[in-house]
Amino acid sequence: VSTQSNGHSETYYCALIRTCRSGCFADVAMEYFEELRSASTATMLRKVAATGVVEHAPTEAASDARAAQEDRQTALEGASEDELALFESLGVAAAPSPSGAHTTMATGVPEPISSDQVAASGLTEVVIFAVVAVLHAAKDNQRIVNMGKSLMETTAEPLSPSILATLAVAGGEVKDLAFVLTCYHSVIQTQKTAKPAPFVVYSCLSAISKCHVKDFTNHYLEQCQKDKLITDDPETYTYLVLQNAMGSVNPMEVIGPVIQSAISSDSYASSLSIRVASLLFKVLLRSEGPEFLELYKKIVMHCGLFKHVWVEELILWCDRRRYFLSQSDRQFVINEIKRNYNISDLK
């Protein structure tokens, strides 16, 4: 494929990569991506070898940004609804801000300039997200992490916060704490020039919590709130604390205050949601916590939240604590089974 027009070339490759998603053809998508990177790198290096300097005047930069935005919109036209939602939520659909003059001096050996430079093209982010969408559909988070490490090593310009957050999410799934923290600190450093979007910071914090970090609440979560990088959202705060506790050897020690507040405080309902309650039940089932039944009653009966799987977890919890249940507790569980499974003759 001709690389004379980098934007059109990326549009073509982006379309090819998207065709791999429905069949989860991760290997083919990565081949297209690496082929595009190699072609763009060769073009950039030829410019450096010929001129010795890669320079863009401010007016040229603005023109490049407008052209990049046109190419970006062309690429987004063929995206699926899921991809469009992903791009929009991470800010990819927004027009790139024109960069000022950028000069790279060539010495005896040209500096390695890669097509991964996000600032060099408005479409590069779209291509990266298209590849990530294919790998995500294939549940190949490790390959996303490997691709992210390669981009970090070969990219002259820092990756955008939206890309870093996406890579961090994959890192959290494979429990690669070192990689997740690298993405997180890179995102935090961007606040020196522009404050990252709260969604981006939340994504990084969620990835860190999945890796189970000691002192996560004080060192990361509350620090981000103090720096006003995230909003004061009790539900999200509780969810991240619980998610971090899932990897703890003694989760009850971590979430003890959360459970006590949920049981004793009527105003704590604002911090409860389906996902928070699900994590609470998972932790209590794992630790066989005696608070399970009381919490179940409050969440289901008073807060009006319900998932059918919670009944199954309630049955498992009762089986493990059958020697400690009172007759009234046993009767409550039986009534819940009758009500949710439409059984009338259970005794």
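Quick caveat, the model's predicted, so the values are computed rather than measured.

(A) The overall build of the protein chain, seen in detail. In terms of helices and strands, the protein chain carries 16 helices and two strands. Across the 347 residues of the protein chain, 46% fall into the buried class. A sequence separation of at least 24 residues applies to 70% of the contacts in the protein chain between residues at least 6 apart. When the accessible surface of the protein chain is split by element, carbon and sulfur atoms take 54% of a total near 17,600 Å².

(B) Local environment of the packing of aromatic side chains. All chains considered together, the criterion is met by eight aromatic pairs. For the pair Phe281 and Tyr296, a centre-to-centre distance of 6.0 Å together with 45 degrees between the ring planes defines the contact as tilted. Highlighted residues: Phe281 in helix α13 (residues 274–287) and Tyr296 in helix α14 (residues 292–302), separated in sequence by 15 residues. Connected via pairs of aromatic rings, a cluster forms that spans Phe281, Phe292, Tyr296, Trp310, Trp317 and Phe332. Note that Arg275 overlies the ring of Tyr239, its terminal NZ or CZ placed 4.1 Å from the centroid. Positioned over the ring face of Phe332 is Lys297, at 4.9 Å from the centre of the ring.

(C) Spotlight on the nonpolar core. By size, the foremost hydrophobic cluster in this structure holds 86 residues, and its most contacted members are Phe33, Leu205, Leu280 and Tyr296. Ranked by residues supplied to this core, first place goes to helix α5 (residues 124–137) with nine residues. The contact partners of Tyr296, leaving out residues within four places of it in the chain, are Phe281, Met301, Phe306, Trp310, Val311, Leu314, Phe332 and Glu336.

(D) Expanded view of the environment of Thr217. For Thr217, the position within the fold is in helix α10 (residues 216–226). The sequence separation of Thr217 and Thr238 amounts to 21 residues, and the corresponding C-alpha distance is 10.0 Å. Once residues within four sequence positions are removed from consideration, Thr217 is found in contact with Glu222, Tyr237 and Val241.

(E) Representation of the pattern of salt bridges in the model. Overall, the coordinates contain nine salt bridges when judged by the stated rule. Glu235 is the partner of Arg275 in a salt bridge, and the nearest nitrogen-oxygen pair spans 2.8 Å. In this pair, Arg275 is assigned in helix α13 and Glu235 in helix α11 (residues 234–245), connecting sequence segments 40 residues apart. Judged by its relative accessible area of 36%, Arg275 is partly exposed. In this structure Glu235 comes out as buried when scored by relative accessible area, which is 13%. Among the salt bridges present, the one from Arg339 reaches Glu336, with a minimum N-O distance of 2.8 Å. One end of the pair, Arg339, and the other, Glu336, are both in helix α16 (residues 327–341), three residues apart, so they sit about a helical turn from each other. Assessed through its relative accessible area of 46%, Arg339 is described here as partly exposed.

(F) Molecular detail of the packing of helix α7 (residues 161–173) against helix α9 (residues 198–210). Packing of α7 against α9 brings their axes to within 8 Å, and their N-to-C directions diverge by 20 degrees. It follows from the interaxial angle that α7 and α9 lie roughly parallel. Seen along the crossing, α7 lies across α9 with a hand that is left-handed. For the pair α7 and α9, the contacting residues are Pro161, Ser162, Ala165, Ala168, Val169, Gly172 and Glu173 in the first and Val200, Ser203, Cys204, Ala207 and Lys210 in the second.

(G) Fine view of the confidence of the model for the protein chain. Of the residues in the protein chain, 70% have a pLDDT of 70 or more, and the chain-wide mean is 76. Ranking the elements of the protein chain by mean pLDDT puts strand β2 (residues 102–105) last, at 32, and helix α8 (residues 177–189) first, at 95. Low pLDDT (under 50) marks residues 1–5, which in the prediction has eight contacts with non-local residues, meaning those over four places away or in another chain. Of the regions scoring below 50 in pLDDT, residues 89–123 engages in 87 contacts with residues more than four places distant in sequence or in other chains.

(H) Representation of the side chain of Glu235 in the model. Within the structure, the side chain of Glu235 is placed 2.5 Å from the side chain of Ser273, a separation counted as a polar contact. A distance of 2.8 Å separates polar atoms of two side chains, one belonging to Glu235 and the other to Arg275.

(I) Structural view of the packing of α14 against α16. Running from N to C, α14 and α16 point in directions that differ by 40 degrees, and their axes come no closer than 12 Å. The orientation of α14 relative to α16 falls into the category oblique. Relative to α16, α14 is oriented so that their crossing is left-handed. For the pair α14 and α16, contact is made by Leu293, Tyr296, Lys297, Val300 and Met301 and by Asp329, Phe332, Val333, Glu336 and Arg339, respectively. Taken together, the residues of the contact of α14 with α16 sort by class into six nonpolar, no polar and four charged.

(J) Focus on the state of the cysteines. Counted according to the given criterion, the structure contains zero disulfides. You can see Cys183 has no disulfide; the closest cysteine sulfur is in Cys204, sitting 6.6 Å from it. Residue classification places Cys183 among the buried positions, given a relative accessible area of 0%.

(K) Representation of helix α6 (residues 141–154). With 14 residues, α6 extends 20 Å between its outermost C-alpha atoms, agreeing within 8% with the 20 Å of an ideal straight helix rising 1.5 Å per residue. Looking only at α6, the buried set comprises Asn141, Ile144, Val145, Met147, Gly148 and Leu151. The buried side chains of α6 occupy one side of the element, clustering within an arc of 165 degrees when seen end-on.

Thresholds applied
- Residues numbered from 1 in each chain as written.
- Predicted model: local features only at pLDDT ≥ 70, side-chain atom pairs only at ≥ 80, totals over all residues.
- Heavy atoms only, no water.
- Helix = DSSP H or I, 4+ residues; strand = E, 2+ residues; numbered from the N terminus.
- Buried < 20%, exposed > 50% of the residue type's maximum accessible area, 1.4 Å probe, protein only.
- Contact = heavy atoms within 4.5 Å.
- Areas by Shrake-Rupley, 256 points an atom, 1.4 Å probe, with all protein chains shown as cover.
- Phe/Tyr/Trp six-rings, centres within 6.5 Å; stacked < 30°, edge-to-face > 60°.
- Lys NZ or Arg CZ within 6 Å of the ring centre and 35° of its normal.
- Core = buried A, V, L, I, M, F, W, Y, C linked by side-chain atoms within 4.5 Å.
- Salt bridge = Lys/Arg side-chain N within 4 Å of Asp/Glu carboxyl O.
- Axes fitted to C-alpha atoms, helices over the stretch in contact; angles between N-to-C directions.
- Parallel < 35°, antiparallel > 145°, perpendicular 65-115°, else oblique.
- Left-handed = near helix turned anticlockwise from the far one by under 90°.
- pLDDT = per-residue confidence, 0-100.
- Polar contact = N/O pair within 3.5 Å; in protein donor to acceptor, adjacent residues only side chain to side chain.
- Nonpolar A, V, L, I, M, F, W, Y, C, P; charged D, E, K, R; others polar.
- Disulfide = S-S within 2.5 Å.
- Expected span 1.5 Å × (residues − 1).
- Arc of directions from axis to C-beta.

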